[in-house]
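# Notes for the structure review
Spelled out from the first residue to the last, the chains are:
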Amino acid sequence: MTTLPNTYAISRSSRASRIAAVAGTLVLALLIAAPWWAGRADMRLLSEMFLYLSLACLWNLLAGYAGLVSVGQQAFVGFGGYMLFALAIFAGLSPLAAIPLAGLLGAIVAVPVALLIFRLRGAYFAIGTWVIAEVFRLSFAQVSALGGGSGTSLPVAIVRAMASSRSMREATTYWLALAMAVIVLAVIYLLLRSRNGLALTAIRDSELAAQSFGIDIWRNKFVVYVLTAGLTAMTGALIFLQKLRISPDAAFSVNDWTAFVIFIVVIGGIGTLEGPIIGVIVFFLLRETLSDLGTTYLLILGVVAIAVMLKAPKGLWGTLKERTGLELFPLARRVVKKKN
Amino acid sequence: MPDALLSTRALVAHYGDFQALFGVSIDVQPEEVVAIIGANGAGKTTFMRSITGLIRNRPEMVVWKGQAIGGLRADQVAHLGIAMVPEGRQLFQSLSVEENLIIGGQMGRKGPWSLKTVQDLFPILKERRHVPATALSGGQQQMVAIGRALMANPEILLFDEISLGLAPIVIKSIYEALPAIIGEGMSAIIVEQDIAKAVSVSDRVYCLQEGRISLQGRPDELTREAISAAYFGV
C-alpha cells in the first residue's frame with residue numbers, strides 16, 4: 001500500500017463530531033441566553049441539571065477512566081458547600097470569589113484523603129471513600145459556628161451583595177452552573193486527549209501492561225483523584241449557593257450526590273464522555289415526570305438501572321456507539337484525506 | 001564469568017501462603033538470549049513478574065548491571081530498559097494499534113526503535129494502525145505486543161509465552177522475526193512451553209520445575225532425555 005506522504009493527515013474529528021461541535025455551540029448560545037427566555041423554575045431546573053452533569057462527568061472520570069470507584073464523592077460536595085459558607089460568613093468573601101477557593105481547598109484536603117484510601121483496593125476502596133464522607137459529615141456537624149447538626153443559611157446581606165436584583169442574582173447563579181458544566185467538560189476532554197489521558201486509558205485496560213511500560217499508576221490516579229475532588233468541591237459550592245442553606249445531612253447525602261450520580265453515569269454509559277450527558281437528560285426526564293409517585297419513583301429508577309445494566313451494560317450511549325461508531329467528542333485519532 | 005546484565009540471586013516469591021519460587025538464580029549476559037522452559041505451574045510467569053517489578057522482592061534478589069533492583073516498582077524497572085511482552089499480550093483494548101505502540105514509547109528512551117522502524121518490521125501494524133488493537137487476529141495482536149515492547153527501546157526484552165494460543169504458522173513467523181528483533185544488541189529472556197522452539201533460538205536454557213531450576217546449559221549440551229526429565233520431573 002503506497003500513499004503519497006502528504007495526502008493523508010491524522011485527525012481526531014469525524015463528520016459526526018464536527019456536526020456535534022456546531023450543534024453544541026448553538027445549544028450553548030441558547031443556554032447562555034436562558035435568562036431572557038426561560039422562566040424562574042426552568043432556570044432552576046436547568047442549573048440543577050448542569051450541576052448534576054458536572055458531578056456525573058467527574059464521577060465518570062474517576063470511576064470510568066481512572067478505575068477509582070468512589071461512593072464517597074459527597075465528601076467533597078459537602079466540603080465545597082461548607083467552605084463556601086465558611087468563607088462567606090467568616091472571611092467576608094463574596095460567594096463568587098469563594099467558589100474557586102472552595103475548589104482549591106477541596107483539592108488540598110483530597111491529598112491526605114488520597115494518601116489514606118489509596119492503600120485500599122476494589123470494594124474496600126469504595127467503602128473507604130464512604131467512611132471518609134461520613135467522617136466529614138460528622139465533623140461538620142460538630143462545628144457550632146456553622147450551625148452544628150441543624151445547619152445554617154447564607155446571611156441575607158451576603159446574598160443581596162451578590163447582585164443588584166433577585167432576577168440578576170438568579171441569572172448569575174444560573175450562568176455559574178452552566179459555566180461549571182462547561183469547565184468540567186472542557187477539563188476532562190483536554191485531560192483525556194493529552195498524554196495523561198492515553199496513560200489513564202492504558203491503566204484502565206491493563207494495569208499490568210501499563211506499569212510494565214513505565215506508567216506510574218499511583219501518580220496518575222492520584223492526580224485524577226485530587227483534580228476531581230477540587231472540581232467536585234467547586235460544584236458543591238455552587239449547589240449550596242443555589243440552595244442558600246446547608247446542613248450536614250443535605251451536604252453529605254450519599255443518595256443525592258453519589259447514588260443519583262452513579263445512576264446517571266451507568267444509564268448514560270460509563271467510560272464515555274457523552275454518557276453522562278445522556279444520563280442527566282434521562283434522569284431528569286424520569287424525575288420530572290415521576291417524582292409525584294413518591295417512593296414508587298425510586299423503585300422505577302431502580303428498575304430502569306437494572307434493565308439498562310442487563311440489556312445494555314455499556315449504557316445508552318455505549319450501546320449506540322457500539323452499533324454506529326458515533327463519537328461526539330473526538331478522542332480517537334483517525335486518518336483523513338487532506339483537502340488541497 | 002563476565003559481569004551479567006541481569007541476574008537473579010536465590011529469588012523466592014510467594015502468593016500469600018503459596019511459595020512459587022524457591023531460590024532461583026540465573027544470569028543473562030549482554031546480547032544473550034536465554035530460554036526458560038517449564039511445565040504449567042513451574043513458576044515461569046512468576047519469575048518474569050518478579051524481574052519486572054510486578055511482584056516486589058527483596059532488593060538484592062534481582063540485580064541489573066550490578067544494581068539491586070528487586071524492590072523497585074514496575075514502572076521504575078521499565079525506565080531501566082527492561083521491557084516485557086506479557087503473557088496473553090495485555091493490549092490496551094480501547095486504544096488503537098498505533099496508540100498502543102505510542103504508550104510503549106512514552107518513556108522516551110533513545111534507541112533504534114521508533115514508530116517507523118516498528119512499522120517497517122511489521123508492515124501490517126502500519127496498514128491497520130487506526131484499528132482497535134483487539135480487533136486484530138491473534139498473531140497480529142502479538143506483533144502489536146512485541147512492537148509495543150520494542151518502542152521502549154529496552155536493553156533486555158522478556159517474552160512471556162509468546163506462542164500461547166497462536167496457530168502454528170503464526171508461531172513460526174514470529175520465531176522467524178525474532179533474530180531481527182533481538183539482533184539490535186539486545187538481550188532477551190524467552191519463556192516457553194514449546195521446548196523445541198525455545199531451544200532453537202536461545203544461547204542458554206534454564207528449565208524450571210516446581211519453582212526450582214532443574215537443569216541448565218547450552219542447547220547443544222542438553223540431550224532430549226535430560227530436558228524431559230527436568231521438565232516433567234520423572
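Note that the structure is a prediction, hence the values are computed from the model and not measured.

What follows deals with the overall build of chain A. Within chain A, the secondary structure is distributed over 16 helices and four strands. By the burial criterion, 52% of the 340 residues in chain A qualify as buried. Looking at chain A alone, contacts between residues at least 24 apart form 78% of all its contacts between residues at least 6 apart. When the accessible surface of chain A is split by element, carbon and sulfur atoms take 67% of a total near 15,800 Å². Of the side-chain charges in chain A, 28 are positive and 14 negative, and the distance between the mean point of each set is 10 Å.

A few words now on the environment of B:Val97. Residue and element names in this part refer to chain B. Structurally, Val97 is set in helix H3 (residues 97-104). For the pair Val97 and Ala145, spaced 48 residues apart in sequence, the C-alpha separation works out to 9.5 Å. Apart from the residues within four sequence positions on either side, Val97 is in contact with Leu125, Arg128, Arg129, Val131, Ala133, Leu136 and Val144.

Turning our eyes to something else, we now look at the nonpolar core. Counting residues in hydrophobic clusters, the biggest one holds 95 residues, and the most contacted among them are A:Phe50, A:Phe118, A:Tyr174, A:Ile188, A:Tyr225, A:Phe240 and A:Phe283. Discounting residues that sit within four places of it in the chain, A:Ile188 has contacts with A:Cys57, A:Leu58, A:Leu61 and A:Leu273. By size, the runner-up hydrophobic cluster in this structure holds 48 residues, among which are B:Leu101, B:Leu157, B:Leu166 and B:Ala188.

Time to look at the domain arrangement of chain B. Residues and elements named next belong to chain B. Assigned domains within chain B: domain 1 (1-81 + 155-234) and domain 2 (89-153). Each partner contributes to the interface: domain 1 provides 18 residues, whereas domain 2 provides 14 residues. Between domain 1 and domain 2, the buried area comes to about 1,200 Å², and carbon and sulfur atoms account for 74% of it. Applying the counting rule to domain 1 against domain 2 returns one salt bridge. The closest approach of N and O atoms between Arg109 and Glu155, which form a salt bridge, is 3.7 Å. Scanning the region where domain 1 abuts domain 2 turns up three residue pairs in polar contact (both at pLDDT 80 or more).

All names here are of chain B. Spatial strand order, S6-S7-S8-S3-S9-S10: six strands in an open sheet with mixed pairing. The open sheet has two free edges, formed respectively by strand S6 (82-85) and strand S10 (212-217), since each of these has just one partner strand. Geometrically, the sheet is characterised by an average inter-axis angle of 20° between neighbouring strands, direction not taken into account. Relative to S10, strand S9 (residues 204-209) runs antiparallel, the two being bridged by five bridges. What sits directly across from Leu208, in S10, is Ile213. Along the sheet face, helix H6 (residues 138-151) touches S6 and strand S7 (156-160) and points at about 175° away from the line of S6. Where helix H9 (residues 224-232) meets the sheet, it contacts strand S3 (33-37), S9 and S10, and its direction lies at approximately 35° from that of S9.

Before going further, it helps to examine the UniProt feature "domain: ABC transporter" (unreviewed entry) in chain B. With numbering aligned to this structure, UniProt lists the feature "domain: ABC transporter" (unreviewed entry) at residues 6-233 of chain B. The span residues 6-233 of chain B shows a helical share of 35% and a strand share of 25%, and its end C-alpha atoms are spaced 27 Å apart.

Here we come to the interface of chain A and chain B. Taken residue by residue, the interface counts 23 residues in chain A and 28 residues in chain B. In this assembly, chain A packs against chain B so that about 2,200 Å² is buried in total across both faces, 63% of it on carbon and sulfur atoms. Counting every contact that joins chain A to chain B gives one salt bridge. Applying the counting rule to chain A against chain B returns eight residue pairs in polar contact (both at pLDDT 80 or more). Ranked by the residues each element gives to the side of chain A that touches chain B, the list is headed by helix H9 (residues 195-205) of chain A, at seven residues. Within the side of chain A that touches chain B, the residues separate by chemical class into 12 nonpolar, five polar and six charged.

The next thing to look at is H9(B). An α-helix turns once every 3.6 residues. As a result, residues three or four positions apart point the same way. Residues and elements named next belong to chain B. Taken together, the buried positions of H9 are occupied by Ile227, Ala230 and Tyr231. Here the buried residues of H9 occupy an arc of 100° about the axis, which is enough to place them on one side. Across H9 from its buried face, at more than 90 degrees, point the exposed residues Glu225 and Phe232. On the buried face of H9, the contacting elements are S3, helix H8 (195-201), S9 and S10. At the C-terminal side of H9, Gly233 shows a positive phi close to 70°.

Right, let's talk about the packing of helix H3 (residues 40-65) of chain A against helix H14 (residues 275-290) of chain A for a bit. Residue and element names in this part refer to chain A. The contact between H3 and H14 brings their axes to 9 Å, and the two run at 135°. The angle between the axes of H3 and H14 places the two elements in the oblique class. Of the two elements, H3 crosses H14, and the hand of that crossing is right-handed. Between H3, through Leu45, Glu48, Met49, Tyr52, Leu53, Ala56, Cys57 and Asn60, and H14, the contact on the second element is made entirely by Pro276, Ile277, Val280, Ile281, Phe284, Arg287 and Glu288. For the contact of H3 with H14, the residue count by class is 11 nonpolar, one polar and three charged.

Turning our eyes to something else, we now look at helix H11 (residues 217-243) of chain A. Residue and element names in this part refer to chain A. Along its 27 residues, H11 runs 38 Å from first to last C-alpha, staying within 8% of the 39 Å computed at 1.5 Å per residue. Most of H11 is tucked away, with 22 of its 27 residues classed as buried. Sitting at the amino-terminal end of H11 is Asp216, which places a side-chain oxygen 3.3 Å from the backbone nitrogen of Trp218.

Quick notes on the rules
Residues numbered from 1 in each chain as written. Chains lettered and ligands numbered in written order. Predicted model: local features only at pLDDT ≥ 70, side-chain atom pairs only at ≥ 80, totals over all residues. Heavy atoms only, no water. Helix = DSSP H or I, 4+ residues; strand = E, 2+ residues; numbered from the N terminus. Buried < 20%, exposed > 50% of the residue type's maximum accessible area, 1.4 Å probe, protein only. Contact = heavy atoms within 4.5 Å. Areas by Shrake-Rupley, 256 points an atom, 1.4 Å probe, with all protein chains shown as cover. Lys, Arg positive; Asp, Glu negative; His and termini not counted. Charge placed at Lys NZ, Arg CZ, Asp CG, Glu CD. Core = buried A, V, L, I, M, F, W, Y, C linked by side-chain atoms within 4.5 Å. Domains from an automatic or database assignment. Buried area = accessible area lost by both parts, 1.4 Å probe. Salt bridge = Lys/Arg side-chain N within 4 Å of Asp/Glu carboxyl O. Polar contact = N/O pair within 3.5 Å; in protein donor to acceptor, adjacent residues only side chain to side chain. Pairing = 2+ DSSP bridges. Axes fitted to C-alpha atoms, helices over the stretch in contact; angles between N-to-C directions. UniProt positions renumbered as here; feature names shortened; annotations may be inferred. Nonpolar A, V, L, I, M, F, W, Y, C, P; charged D, E, K, R; others polar. Arc of directions from axis to C-beta. Parallel < 35°, antiparallel > 145°, perpendicular 65-115°, else oblique. Left-handed = near helix turned anticlockwise from the far one by under 90°. Expected span 1.5 Å × (residues − 1).

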